[in-house]
Every structure is written in C-alpha cells, then in structure tokens.
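These are the residues of each chain, in order.
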Amino acid sequence: MKGISFQSDILPLKNELFRMALRITQNREEAEDVVQETMLKVWKRREQWAQLESVEAFCLTICRNVALDRLRRMDYQQQSLDDDIDPADHSRSSNPEQMAIQNDRTRMVRQFISELPERLRTCMQLRDIEGKSYRDIAAILDIPEQQVKVNIFRARQAVKKKISPFL
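Values in this document were obtained by computation on a predicted structure and should not be read as measured data.

Novice: Looking at this structure, I do not really get the overall build of the chain. What am I missing?
Specialist: Along the chain, the regular secondary structure elements total 8 helices and 0 strands. Going from N to C terminus, the chain has its helices and strands arranged as α-α-α-α-α-α-α-α. The buried share among the 167 residues of the chain stands at 39%. Taking the contacts inside the chain whose residues are at least 6 apart along the sequence as the reference set, 66% of them involve residues at least 24 apart. Put simply, the chain shows about 10,200 Å² of open surface, and 48% of that area lies on carbon and sulfur atoms.

Novice: Explain the packing of helix α5 (residues 96–114) against helix α8 (residues 145–163) to me, please; I cannot follow it from the model alone.
Specialist: Packed helices, taken two at a time, are described by the angle their axes make and the gap between the axes. Where α5 meets α8, the axes come as close as 10 Å, and the angle between the chain directions of the two elements is 130 degrees. As the angle between them shows, α5 and α8 are arranged oblique. In the packing of α5 onto α8, the handedness of the crossing is right-handed. The residues of α8 that touch α5, namely those facing R105, M108, V109, F112 and I113, are V159, K162 and I163. Looking at the contact of α5 with α8 residue by residue, the classes come out as 6 nonpolar, no polar and 2 charged.

Novice: Quick question: what am I supposed to make of unusual backbone geometry here?
Specialist: Working note: non-glycine residues mostly have negative phi, and peptide bonds are mostly trans. Unusually for a residue other than glycine, Q26 sits at a positive phi of about 60 degrees. Relative to the helices and strands, Q26 resides in the loop between α2 (14–25) and α3 (28–44). For Q26, a relative accessible area of 3% puts it in the buried group. For D142, which is not a glycine, the phi torsion comes out positive at approximately 60 degrees. When you line up the elements, D142 lands in the loop between α7 (134–141) and α8.

Novice: Which parts of the structure should I look at to understand the environment of Q125?
Specialist: As for its position among the elements, Q125 is in helix α6 (residues 118–129). When the C-alpha atoms of Q125 and I24 are compared, they prove to be 9.6 Å apart, with 101 residues separating the residues in sequence. Of note is the side chain of Q125, whose polar atom sits 3.5 Å from the backbone oxygen of R19.

Novice: What exactly am I supposed to notice about the pattern of salt bridges here?
Specialist: Oppositely charged side chains are able to pair whenever their charged atoms sit close together. Under the counting rule described, the total for this entry stands at 8 salt bridges. For E37, the salt bridge is made with R70, and the minimal N-O distance between the two is 3.4 Å. Taken together, the residues E37 in helix α3 and R70 in helix α4 (residues 55–74) connect sequence positions 33 residues apart. Overall, R70 belongs to the buried group, its relative accessible area being 16%. For K162, the salt bridge is made with E115, and the minimal N-O distance between the two is 3.2 Å.

Basis of the calculations
Residues numbered from 1 in each chain as written. Predicted model: local features only at pLDDT ≥ 70, side-chain atom pairs only at ≥ 80, totals over all residues. Heavy atoms only, no water. Helix = DSSP H or I, 4+ residues; strand = E, 2+ residues; numbered from the N terminus. Buried < 20%, exposed > 50% of the residue type's maximum accessible area, 1.4 Å probe, protein only. Contact = heavy atoms within 4.5 Å. Areas by Shrake-Rupley, 256 points an atom, 1.4 Å probe, with all protein chains shown as cover. Axes fitted to C-alpha atoms, helices over the stretch in contact; angles between N-to-C directions. Parallel < 35°, antiparallel > 145°, perpendicular 65-115°, else oblique. Left-handed = near helix turned anticlockwise from the far one by under 90°. Nonpolar A, V, L, I, M, F, W, Y, C, P; charged D, E, K, R; others polar. Polar contact = N/O pair within 3.5 Å; in protein donor to acceptor, adjacent residues only side chain to side chain. Salt bridge = Lys/Arg side-chain N within 4 Å of Asp/Glu carboxyl O.

Listed below in structure tokens is the structure:
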C-alpha cells in the first residue's frame, strides 16, 4: 500500500484503537494513554508504511501490544466497563422497566466478557463488537484464522453459559 497519510489514513483509526485499548485495559485513562503511545509508535515506523498490506491491522496490532505491555508492567487489576454504558442509548426500548432490564443485561454481558481470558476477549471484541473479519483478526493477533474461529466460539460459549441462568 503506497501513499499512506497520517492525517487521512491513520488518525481516523483513533476511535477504533481507543475501543480496543479500552477493552483490554478496562480503564478510560489508560486506554487514552495507549492510543497516544500507539500513534507515536506508528509515526516512528512511518518508513514501513509503504510495505503494509493493511494499515489498520498494523495500527491495531501495535495498540494491542502496547495495551498488554501496560497491563503487564502495572500488574493492573481488572475493572468492569460499567462506566462505559450510555444510559441514553436505549433507543429500542421505550418503557423504563425494559430499559432497566436491558441495562442490567448489558452490564452482565460486559462483565462476563471482561472476565474472559485476554485472547478470547480480544477475538470476541474484534469480531462481535468491531465487526472485523476472521482474516483481519488473525493478522492483528498474529494467529491462524482457524484459531480465531475457535477462540470466538469458546468466548461465546463461555458468555452464554454464564448468562443462561439469568435469562
């Protein structure tokens, strides 16, 4: 891929990078720091841009590695993503009881996802939340495509098993 521009090709990925960093770190401030560090690392490697097949996969891989490095360095304890839930985002339900039920289920699912092992959680987030293809996930995580499918299946099964008693 030639002619990659930081402004038009990389900077627009910041929201996607933030979502990935937030899923890994489970902390808004840490995720912002991860995105900033990622952008710096991507800029420092600008001489490699011409050889990239996917600038998005390149950026997401760096972001993932930076986030995991931060977790390892800080021995960070997992927290829930409850702060990330937008109470105004309940356009599908109009009655307050339905909204409360939907909010509780969302919190539960997010909590169960946050408890998954890192590799399962990342695969599930990239596929089910970010909408990435199996091939893209495999490139980002540097694992075989078949392993991505297995990880996503296991993650979904684990969440389904945990949530089934509550439904």
